[in-house]
Amino acid sequence: MRIYYTAMMFLEAIVLGLSTGTYCTMNCAPVLIPFLSGAEKVSYKRNSGLIGAFLGGRLVMYFILGAVFSGLGFLVNEFIDPVFVRRLSVYAYFFCGLALLINSLGVRYPWKSENGCGCRIKKFHRVGNDWVTAVLCGLAVGLHVCPPLWSAILRSVFGGHGLVGFLYFIFFYIGTLPFFIPLFGIPFIVKRALVIKRISRVTQFCVSIYFLFFLGLIPIIFK
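Residues numbered from 1 in each chain as written. Predicted model: local features only at pLDDT ≥ 70, side-chain atom pairs only at ≥ 80, totals over all residues. Heavy atoms only, no water.

### Focus: a nonpolar patch on the surface
And step 1. Among the surface-exposed residues, Tyr210, Phe213, Phe214, Ile218, Ile221 and Phe222 lie close enough to one another that they form a single nonpolar patch of about 670 Å² accessible area.
And step 2. Note on placement: Phe222 falls in the segment after helix H9 (195-221). (Patch = residues over 30% accessible without salt bridge, like charges linked within 9 Å, V, L, I, M, F, W, Y side chains within 5 Å. Areas by Shrake-Rupley, 256 points an atom, 1.4 Å probe, with all protein chains shown as cover. Salt bridge = Lys/Arg side-chain N within 4 Å of Asp/Glu carboxyl O. Helix = DSSP H or I, 4+ residues; strand = E, 2+ residues; numbered from the N terminus.)

Here is the structure:
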């Protein structure tokens with residue numbers, strides 16, 4: 001009976017992730033698509049590694065939020081506070097925009113040809129390299145607490161004990177991953193149309209400004 005209950009919990013977690021994965025992509029796509037398409041080095045291996053770094057950072061932030069929410073007693077409420085979620089999202093946009101901006105200013109594209117110096121800033125290039133940016137953006141995006149994530153955290157904490165609760169959340173996260181599969185094909189497209197890289201870099205720069213100032217700083221200052 002115990003095994004049956006555990007198996008049904010894991011199945012529920014996967015179905016919850018599959019049924020709500022589109023919500024995750026709405027938060028991640030504006031960050032990942034320009035970032036991955038505009039990477040200076042285009043290869044399937046590097047692209048896969050950057051996706052893994054981003055998703056890993058996002059998962060780590062989810063665990064941090066779960067631990068903090070549990071410690072502060074937020075999980076005693078069945079419903080999530082929309083005002084609190086909005087505040088977290090503002091900081092998510094701010095830190096994500098900052099990471100994308102530093103990464104944008106630390107590369108050659110699209111500011112100049114590959115052999116030129118462009119506006120590449122060495123300090124930004126070190127602290128804003130693609131790998132660091134992928135992890136930081138994953139951590140930042142993880143601050144977007146959606147209703148499905150809240151449900152998964154609640155079920156993970158109260159629906160199972162110890163390892164079962166931990167695995168419930170892992171299976172929920174796995175259920176959201178199929179929606180990211182198309183991202184692995186980005187090198188196939190970019191290698192056949194290099195202009196996409198330049199367009200993506202401009203797009204990333206614009207997105208970073210929008211996130212940092214309009215969705216981050218302005219709401220923080222004038223809240």
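### Quick look at the packing of aromatic side chains
And step 1. The full count for this structure, using the stated rule, is 12 aromatic pairs.
And step 2. Taking the centre distance of 5.3 Å and the plane angle of 15° together, the rings of Phe63 and Phe166 count as stacked. One end of the pair, Phe63, is in helix H2 (residues 44-72); the other, Phe166, is in helix H7 (residues 163-176), with 103 residues separating them in the sequence.
And step 3. Here Phe63 falls in the partly exposed class, since its relative accessible area comes to 30%.
And step 4. Ring centres of Phe94 and Phe95 lie 5.2 Å apart, and the angle between their planes is 80°; this geometry places the pair in the edge-to-face category.
And step 5. Accessibility expressed as a relative area gives 17% for Phe94, which makes it buried.
And step 6. Grouping aromatic residues by their ring pairs yields a cluster made of Tyr62, Phe63, Phe166, Phe169, Phe172 and Tyr173. (Phe/Tyr/Trp six-rings, centres within 6.5 Å; stacked < 30°, edge-to-face > 60°. Buried < 20%, exposed > 50% of the residue type's maximum accessible area, 1.4 Å probe, protein only.)

### Brief notes about the side chain of His144
And step 1. With respect to the element layout, His144 can be found in the loop between helix H5 (130-141) and helix H6 (147-158).
And step 2. A polar side-chain atom of His144 sits 3.2 Å from a polar atom in the side chain of Ser89.
And step 3. Excluding residues within four positions of it along the chain, His144 makes contact with Asn27, Ser89, Ala92, Tyr93 and Leu149. (Polar contact = N/O pair within 3.5 Å; in protein donor to acceptor, adjacent residues only side chain to side chain. Contact = heavy atoms within 4.5 Å.)

### Topic: the environment of Ser156
And step 1. Take Ser156: it is sitting in helix H6.
And step 2. For Ser156 and Phe172, which are 16 residues apart along the polypeptide, the C-alpha to C-alpha distance reads 9.4 Å.
And step 3. Not counting chain neighbours up to four residues away, the residues in contact with Ser156 comprise Gly165, Phe166, Tyr168 and Phe169.

### Re the pattern of salt bridges
And step 1. Under the criterion given, the structure shown has 2 salt bridges.
And step 2. A salt bridge links Asp130 to Arg46; the shortest N-O distance between them is 3.0 Å. In this pair, Asp130 is assigned in helix H5 and Arg46 in helix H2, connecting sequence segments 84 residues apart. For the pair formed by Asp130 and Arg46, the shared burial category is buried.
And step 3. Here Asp130 makes a salt bridge to Arg201, at a shortest N to O gap of 3.8 Å. Of this pair, Asp130 sits in helix H5 while Arg201 sits in helix H9, and the two are 71 residues apart along the sequence.
And step 4. Judged by its relative accessible area of 6%, Asp130 is buried.
And step 5. One network of salt bridges, in which partners are shared, links Arg46, Asp130 and Arg201.

### Description of the packing of helix H1 (residues 2-37) against H6
And step 1. Interaxial distance between H1 and H6 falls to 9 Å at its minimum, and their mutual angle equals 165°. Regarding the angle of H1 to H6, the classification is roughly antiparallel. When you trace H1 past H6, the crossing you get is left-handed. Where H1 abuts H6, its residues Met9, Glu12, Leu16, Thr20 and Tyr23 lie against Pro147, Pro148, Ala152 and Arg155.
And step 2. In terms of residue class, the contact of H1 with H6 is built from 6 nonpolar, 1 polar and 2 charged. (Axes fitted to C-alpha atoms, helices over the stretch in contact; angles between N-to-C directions. Parallel < 35°, antiparallel > 145°, perpendicular 65-115°, else oblique. Left-handed = near helix turned anticlockwise from the far one by under 90°. Nonpolar A, V, L, I, M, F, W, Y, C, P; charged D, E, K, R; others polar.)

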